Amino acid sequence: MTATIAATVAAQKAQVAARRLRFGLAERRQALADLRRAIIAHEADLQAAVAQDMGKHPAEFTLLEIVPTLAEITHARRALPGWMRARRQAGGLAGLGTVARLRPETKGAALIIAPWNYPVSLALGPLVSALAAGCSAVLKPSELTPATSAVLARLVASAFPPDLVTVIEGGKEVAEELLAQPFDHIFFTGSPEVGRIVMAAAARSLASVTLELGGKSPAIVGPGADLTRAARWIAFGKFSNAGQTCIAPDHVFVADSVAEAFGTELRRAIAGMYPKGLGSPDLAQIVSPRHAARLTGHLAEAQAQGARLVLGGASEARRIEPTLIEALAPDCALDREEIFGPILPIIRYGALDAVIGRINARPKPLALYVFDTDRSRIDRIIAETSSGSVGVNLTLLQFSHAGLPFGGVNSSGIGAAHGHWGFRAFSHEKAVLENRFSPLSLLFPPYGRRARRMIGLVRRFLT
Ligand code: NAD
């Protein structure tokens, strides 16, 4: 395998210089059109593969995987001329007599490592940005969704020569071999633990990285929240894809004064969306028996430590019912770790200070959700916490807003994806400064009286 991987990466790298000359606007737009055509040609196969791997409902697959990926392509094709254009930069007095431009250039050869939870959009979305930026890409899907990974390999091979884009399938060992190659940029989506390994590997070749990671994303339901709306958005955000969404609300803080009423609304919302509980066809499966066992084990541990089951709790093979739980013991696994499944702890609070303090005492979340109608409380939460994104009176939708970057901060991620931010992740913004009549030459040595006087003036006017 090592020889094949090395040869593939070498073939892509060998084209970097040629591609710099020949992979201009028209070619990049064509590549994006080819990708779109290949996705549509393989859409039925992808849908069947994702159903086989994760039991995703076809409608959910279309809404949360196909729509964002095709929308990303459409947006990139339209915006590409603007993104690629060199931009004139003003420089003030220090730039006198020069012309400054910021010129995006392709980074070269990219590695994209994808997770299993949205195995299509989180593999092909970064590929859109890589192609828009003129990069070649090796794409490694997750080994936990093997059927989808196989279709992705066929799809990519149908649209691109391997020295432009290729899929290399496999697990941890293959990922490690890939990380040993001299890529120019590594775009990784996955857990913070593996993110650390990827960043350490990138340090060896000083490849730049985009790390799209995860963690525990809290939701806060304040005393002024529209409870019906909050319950429906939280149920949608948490139980879509059976909770296996990086920006799903991990747990909910709810103000004491509305906790009972919110609980009623949340149970009603869940019953409306998944009326047959475990048997609901709209409920996705857990990706693997090991992850299902992890979740049911954590649930049992929490209950053994005194937590109260409010709703659900049943499981069968890889299906787990939407489950609500209260009164978690501090430091049990559901409290400590990213849940990444359809189990939602509800935590009542009296003072907002305590909630903000608790959020700030933990790693910075990928997303934070606020449900309230009180502007000052909403603004206070946004101002006093740090997270990759904030959703106000909604969940998940910030992922697909074309005008917003998507990414985390520190342990929830480094760098950003989507649209212009995705293009910039795979581009280097080269600073180009041209001399027309720069007066700096008057200040060159020898530092006689005239030069010293002028340097004094420069100091006075520029600093
Ligand atoms: P993971 O980190 O286990 O795996 C992600 C990828 O890394 C897979 O392709 C896997 O093969 C590879 N990998 C595993 N071990 C490796 C190693 N030692 N070296 C190099 N590569 C290795 O993550 P996952 O379980 O697939 O996904 C779940 C996690 O991803 C959650 O934490 C979730 O929050 C996060 N996530 C984040 C985003 C985002 O956009 N920020 C999106 C989806 C998922």
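For every chain, the first residue of its written sequence is number 1, and the numbers climb from 1 along that sequence. In keeping with the predicted nature of the model, local features appear solely for residues at pLDDT of at least 70, side-chain atom pairs appear and are counted solely at 80 or more, and the whole-chain, interface and lining totals rest on all residues. With hydrogens and water stripped out, all remaining heavy atoms of the structure feed into the side-chain values.

### As for a nonpolar patch on the surface
- The patch calculation keeps residues exceeding 30% relative accessible area without a salt bridge and links them within 9 Å when they carry like charges or within 5 Å when they are nonpolar (Val, Leu, Ile, Met, Phe, Trp, Tyr). All accessibility values rest on the Shrake-Rupley procedure with a 1.4 Å probe; residue burial counts only the protein chains present in the view. We define a salt bridge as a side-chain nitrogen of Lys or Arg found within 4 Å of a carboxyl oxygen belonging to Asp or Glu. Nonpolar side chains collect at one region of the surface, where L93, L96, F437, L457, V458, F461 and L462 lie side by side and expose about 700 Å² of accessible area between them.
- Per the convention used, a helix needs a DSSP run of H or I reaching at least four residues, while a strand needs a run of E reaching at least two, with both numbered from the N terminus. Mapping V458 onto the fold places it in helix α17 (residues 449-462).

### Some details on the site of the ligand
- Neighbouring the ligand are 29 residues, the closest being W116, E143, S191, L213 and E338.
- Contact between the ligand and E338: an oxygen atom at 2.6 Å from a side-chain N or O atom of the residue.
- Burial of the ligand by the protein amounts to 92% of the accessible area it has alone, namely 840 Å².
- Both cavities and pockets are sets of points on a 1 Å grid over the protein atoms alone; in a cavity a 1.4 Å probe fits but cannot get out, in a pocket the set is open with protein on both sides within 12 Å along at least five of seven lines, and lining residues sit with an atom within 4 Å of a point. A molecule is said to be in a cavity or pocket once over half of its atoms fall within 2 Å of that pocket's grid points. Assessed atom by atom at 2 Å from the grid points, the ligand resides in the largest pocket.
- Listing elements by their share of the shell around the ligand, those giving two or more residues are α8 (172-179), β6 (185-189) and α9 (192-205). Residues are labelled near a given molecule or strand when at least one of their non-hydrogen atoms is within 4 Å of it. Whenever a nitrogen or oxygen atom comes within 3.5 Å of another N or O atom, the pair is scored as a polar contact, on the condition that within protein one atom can donate a hydrogen and the other can accept it, and that pairs from neighbouring residues in sequence are kept only if both atoms are in side chains.

### Digging into the domain arrangement of the chain
- For the purposes of this description, domain bounds are those given by an automatic or database domain assignment. Per the domain assignment, the segments of the chain are domain 1 (2-213 + 411-430) and domain 2 (218-405).
- Distance between the C-alpha centres of domain 1 and domain 2: 30 Å.
- By the convention used here, residues are in contact when the closest approach between their heavy atoms is within 4.5 Å. Each partner contributes to the interface: domain 1 provides 24 residues, whereas domain 2 provides 24 residues.
- Across the interface of domain 1 and domain 2, roughly 2100 Å² is buried in total on both sides, 59% from carbon and sulfur atoms.
- Linking domain 1 with domain 2 are 0 salt bridges.
- For the side of domain 1 that touches domain 2, the secondary-structure elements that each account for two or more residues are α4 (43-54) and α5 (58-84).
- The biggest single contributor to the side of domain 1 that touches domain 2 is α5, with 5 residues.
- Residues are sorted three ways: Asp, Glu, Lys and Arg are charged, Ala, Val, Leu, Ile, Met, Phe, Trp, Tyr, Cys and Pro are nonpolar, and all the rest, Gly among them, are polar. Here the residues of the side of domain 1 that touches domain 2 sort into 12 nonpolar, 9 polar and 3 charged. Joining two parts hides part of their accessible area as seen by a 1.4 Å probe, and the buried area is that hidden amount summed over both.

### Considering the pattern of salt bridges
- Summed over the entire model, instances satisfying the criterion amount to 23 salt bridges.
- Here R37 ties to D34 by a salt bridge, and the two come within 2.7 Å at their closest N and O atoms. Within this pair, R37 and its partner D34 are both found in helix α3 (residues 25-41), separated by 3 residues, close to a single helical turn.
- Buried means the residue's accessible area, taken with a 1.4 Å probe over protein chains only, is under 20% of the maximum for its type, while exposed means over 50%, and partly exposed covers the values in between. Classification of R37 by relative accessible area gives exposed; the value is 51%.

### Overview of the nonpolar core
- Definition used in this section: a nonpolar core is a set of buried Ala, Val, Leu, Ile, Met, Phe, Trp, Tyr and Cys residues joined via side-chain atoms within 4.5 Å. In terms of nonpolar packing, the biggest core is built from 48 residues, with I220, V221, I234, I247, F262 and L266 touching the most fellow members.
- The set of elements that each furnish at least two residues to this core consists of β8 (218-221), α10 (227-239), β9 (251-255), α11 (259-273), β14 (343-349), α14 (352-360), β15 (367-371) and α15 (375-384).
- Residues lining this core come from more than one domain, with at least three contributed by each of domain 1 (2-213 + 411-430) and domain 2 (218-405).
- When sequence neighbours within four positions are dropped, the list of residues in contact with L266 reads A231, I234, A235, L324, L344 and I346.
- L32, L35, I66 and L155 belong to the second-largest nonpolar core, a separate cluster that totals 47 residues.

### Concerning the pairing of β8
- Side chains P218 and I220 of β8 all project onto a buried face; the interleaved residues A219 and V221 project onto the opposite face, where all are buried too.
- A pair of strands counts as paired when DSSP detects no fewer than two bridges linking them. By the bridge criterion, 4 bridges tie β8 to β9 in an arrangement that is parallel. Note on β9: the bridge partner recorded for P218 is H251.
- A crossover gets the label right-handed when its path from the first strand over the helix to the second runs clockwise, viewed with the strands pointing away from the viewer. In the classification by handedness, the crossover that spans β8, the intervening α10 and the parallel β9 is right-handed.

### Some words on the sheet that holds strand β18 (residues 427-435)
- Taken in spatial order, the 3 strands of this open sheet run β1-β2-β18, and their pairing is antiparallel. For this open sheet the edge positions go to β1 (87-89) and β18, each flanked by a neighbour on one side alone. For this sheet, the mean angle separating the axes of adjacent strands, direction not counted, is 30 degrees.
- One ladder, built from 3 bridges, connects β1 with strand β2 (residues 98-106); its direction is antiparallel. Among the inter-strand pairings, Q89 is bridged to a residue of β2, identified as A100. The axes are straight lines fitted to the C-alpha atoms, using for helices just the contacting stretch, and the angles between their N-to-C directions are given from 0 to 180°.

### Some words on the UniProt feature "active site" (unreviewed entry) in the chain
- UniProt records the feature "active site" (unreviewed entry) for E212 in the present numbering.
- Position of E212 among the secondary structure elements: in strand β7 (residues 208-212).
- Not counting the four nearest positions on each side in its chain, E212 is found in contact with F187, F188, T189, G190, F406, G407, S412, G415, A416 and A417. UniProt positions are given in the numbering used here, feature names are shortened, and annotations may be inferred rather than shown by experiment.

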